[in-house]
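# Commentary on secondary and tertiary structure
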Amino acid sequence: MFNFTPDYFYSLLLSLPGILIAISFHEMAHAYAADAMGDPTPKDAGRLTVNPLKHIDPLGFISMLLFRFGWAKPVPVNPNNFKDKKKGMIAVALSGVLTNLLLAFLGMAAYLAVIPLNNETLMIILQYIYIYNIVFAVFNIIPIPPLDGSQILLLFLPPKALMFYYRYQRYGMIAIFVLALTGLLGIIINPAINAIVSLFSAILLPFFNLFWS
């Protein structure tokens, strides 16, 4: 059950920048990658922007706020417009994940940089920014349709496996919901999330330790 206390709403408010940044930049990266590979569809749909209103799915956004699990509006892409279809699909699929990882790295750097200021609110906001971007990256690389990882996987499947994929891809969101509701999703992605946090910390902390000393 939800505990709608002032602390709950305060935490929700501080998490908004992280959620909006992760969603907007992830989807914009897909749009720019598709456009760069020769597909004007995202541009025609007005998705070459960081404006979150262009990318938010209202139900998915509310779900993310309440359950920490949600979704955005998919960027429309027509692979037939790509100059190289395989490279185009890989570029589009990876662009969102790589953008989230870059933002997470920068967010963690900013978090470490402001520690001496002792501004708890700012630190929490920056922490949410890097955590949500890591979560978005890891979640989207799962090879279950319609997630980005599935778009990469299908390019390397043999014909029989590809037929199986197309036959059952419509049930991908149901599978994701089941994993989320049963807690299995966390078990799957948490090790990768923790590994990325540890990696970024190992890269950044030595630098900031020198800066602080």
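On a predicted model such as this, the values are computed, not experimentally measured, just so you know.

Reading the values: rules and limits
Residues numbered from 1 in each chain as written. Predicted model: local features only at pLDDT ≥ 70, side-chain atom pairs only at ≥ 80, totals over all residues. Heavy atoms only, no water. Core = buried A, V, L, I, M, F, W, Y, C linked by side-chain atoms within 4.5 Å. Buried < 20%, exposed > 50% of the residue type's maximum accessible area, 1.4 Å probe, protein only. Helix = DSSP H or I, 4+ residues; strand = E, 2+ residues; numbered from the N terminus. Contact = heavy atoms within 4.5 Å. pLDDT = per-residue confidence, 0-100. UniProt positions renumbered as here; feature names shortened; annotations may be inferred. Polar contact = N/O pair within 3.5 Å; in protein donor to acceptor, adjacent residues only side chain to side chain. 1 Å grid on protein atoms, 1.4 Å probe; cavity = no way out; pocket = protein on both sides within 12 Å on 5 of 7 lines; lining within 4 Å. Points joined across faces, edges and corners; volume = space filled by probe spheres on them. Nonpolar A, V, L, I, M, F, W, Y, C, P; charged D, E, K, R; others polar. Axes fitted to C-alpha atoms, helices over the stretch in contact; angles between N-to-C directions. Left-handed = near helix turned anticlockwise from the far one by under 90°.

## Remarks on the nonpolar core
One finds Ile134, Phe139 and Leu185 to be the most contacted residues of the largest nonpolar core, which totals 25 residues. Those elements that place two or more of their residues in this core are helix H4 (85–114), helix H5 (120–140), helix H8 (172–182) and helix H9 (184–212). The residues contacting Ile134, other than those within four sequence positions of it, are Ala104, Ile193, Ile196, Val197 and Phe200. In terms of nonpolar packing, the next biggest core, distinct from the first, is built from 14 residues, Tyr8, Leu12, Ile23 and Tyr132 among them.

## Let's talk about the confidence of the model for the protein
Of all residues in the protein, 99% have pLDDT values of 70 or greater, and the mean over the chain is 92. Put simply, helix H3 (residues 58–67) is where the protein has its lowest mean pLDDT, 84, and H5 is where it has its highest, 97.

## Regarding the UniProt feature "transmembrane region" (unreviewed entry) in the protein
The residues that UniProt annotates with the feature "transmembrane region" (unreviewed entry) are residues 92–113, 125–147, 168–189 and 195–212. For the annotated span residues 168–189, helix accounts for 82% and strand for 0% of the residues, and the straight-line distance between the end C-alpha atoms is 23 Å. Spanning residues 195–212, this segment combines 100% helix with 0% strand, and its end C-alpha atoms are found 25 Å apart.

## So, the environment of Thr49
Considering the arrangement of structural elements, one finds Thr49 in the loop between helix H2 (41–44) and H3. C-alpha of Thr49 to C-alpha of Asn140: the two residues are 91 residues apart in sequence and 20 Å apart in space. There is a polar contact of 3.0 Å between the side chain of Thr49 and the backbone nitrogen of Asn51.

## Some details on the UniProt feature "domain: Peptidase M50" (unreviewed entry) in the protein
Sites flagged by UniProt as "domain: Peptidase M50" (unreviewed entry) map to residues 122–158. Span residues 122–158 is 68% helix and 0% strand, its end C-alpha atoms 49 Å apart.

## Some details on the environment of Leu14
Inspection of the secondary structure assignment puts Leu14 in helix H1 (residues 6–36). Excluding its chain neighbours within four sequence positions, the residues that come into contact with Leu14 are Thr121, Ile124, Ile125 and Tyr128.

## Thoughts on the layout of surface pockets
In this structure, the largest pocket spans a volume of roughly 1,200 Å³. Forming the walls of the largest pocket are 44 residues, and the residues nearest its centre are Trp71, Phe139, Asn140, Pro146 and Leu147. Broken down by secondary-structure element, the contributors of at least two residues to the lining of the largest pocket are H1, H3, H4, H5, helix H6 (148–153), H8 and H9. Of the residues belonging to the lining of the largest pocket, the class tally is 32 nonpolar, seven polar and five charged.

## Some thoughts on the packing of H4 against H9
Remark: H4 packs on H9, axes separated minimally by 10 Å, with the N-to-C direction vectors making an angle of 35 degrees. In this structure, H4 meets H9 at a crossing whose hand is right-handed. Residues Leu101, Ala104, Phe105, Met108, Ala109, Leu112 and Ala113 of H4 pack against Ile196, Val197, Phe200, Ser201, Ile203, Leu204, Leu205, Phe208 and Trp212 of H9.

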